[in-house]
Amino acid sequence: MKHIISACFFLFSWAVFSQNVTVTVDKSVTLKEFFKQIESQTDFKFAHTDQINTGQKYFTQTRTYKNISVKELVNELNKSASVQFSIVGNNIFVKQKVTKAPKKKIS
């Protein structure tokens, strides 16, 4: 029975992550517009912390992603966007990136 449940969970996870999308992000796209692009093409939904303003523009590069898996898209966006994306089930969570403070040099 455990094997059947594990297999079902694996297949569900594979189906969710294997959904492909085509999106264009640039400096003029708000987070809300980006959410709509993804949600209209997949079963994914977005959630975000209170610090995230969905009307703000968080993208710094212009790029079109064609027929890319959602997992790959999230990995690519985490390299360039000023927010952090993570996938849990069929939800994509968005939060502020944590910036590391520079280490102080002790003299």
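The notes below deal with the structure included here. Just so we're clear, the structure is a prediction, and the values are computed from it rather than from any experiment.

Quick look at the pairing of strand 4 (residues 83–88)
In strand 4, alternate side chains face the same way, and those of Val83, Phe85 and Ile87 are buried while those of Gln84, Ser86 and Val88 on the opposite face are not. As paired elements, strand 4 and strand 5 (residues 91–96) share six bridges and run antiparallel to each other. Within the sheet, the bridge partner assigned to Phe85 lies in strand 5 and is Val94. With antiparallel pairing between neighbouring strands as the criterion, strand 4 and strand 5 make up a hairpin whose turn holds two residues, including Gly89 at a positive phi of roughly 65°.

Observations regarding the packing of aromatic side chains
Applying the stated rule across the entire model yields four aromatic pairs. Note on Phe35 and Phe46: the rings are 4.1 Å apart at their centroids and 15° apart in plane angle, and the pair reads as stacked. Here Phe35 is found in helix 2 (residues 31–41), whereas its partner Phe46 is found in strand 2 (residues 45–48), with 11 residues between them in sequence. Across this residue pair, the class does not change: Phe35 and Phe46 are buried. Ring pairing ties together the aromatic residues Phe34, Phe35, Phe46, Phe59 and Phe85, which thus form one cluster.

Describing the environment of Val74
Along the chain, Val74 turns up in helix 3 (residues 70–80). The class for Val74 is buried, based on a relative accessible area of 7%. Apart from the residues lying within four places of it in its own chain, the contact partners of Val74 are Phe85, Ser86, Ile87 and Ile92.

Each value, and the rule that gives it
- Residues numbered from 1 in each chain as written.
- Predicted model: local features only at pLDDT ≥ 70, side-chain atom pairs only at ≥ 80, totals over all residues.
- Heavy atoms only, no water.
- Buried < 20%, exposed > 50% of the residue type's maximum accessible area, 1.4 Å probe, protein only.
- Helix = DSSP H or I, 4+ residues; strand = E, 2+ residues; numbered from the N terminus.
- Pairing = 2+ DSSP bridges.
- Phe/Tyr/Trp six-rings, centres within 6.5 Å; stacked < 30°, edge-to-face > 60°.
- Contact = heavy atoms within 4.5 Å.

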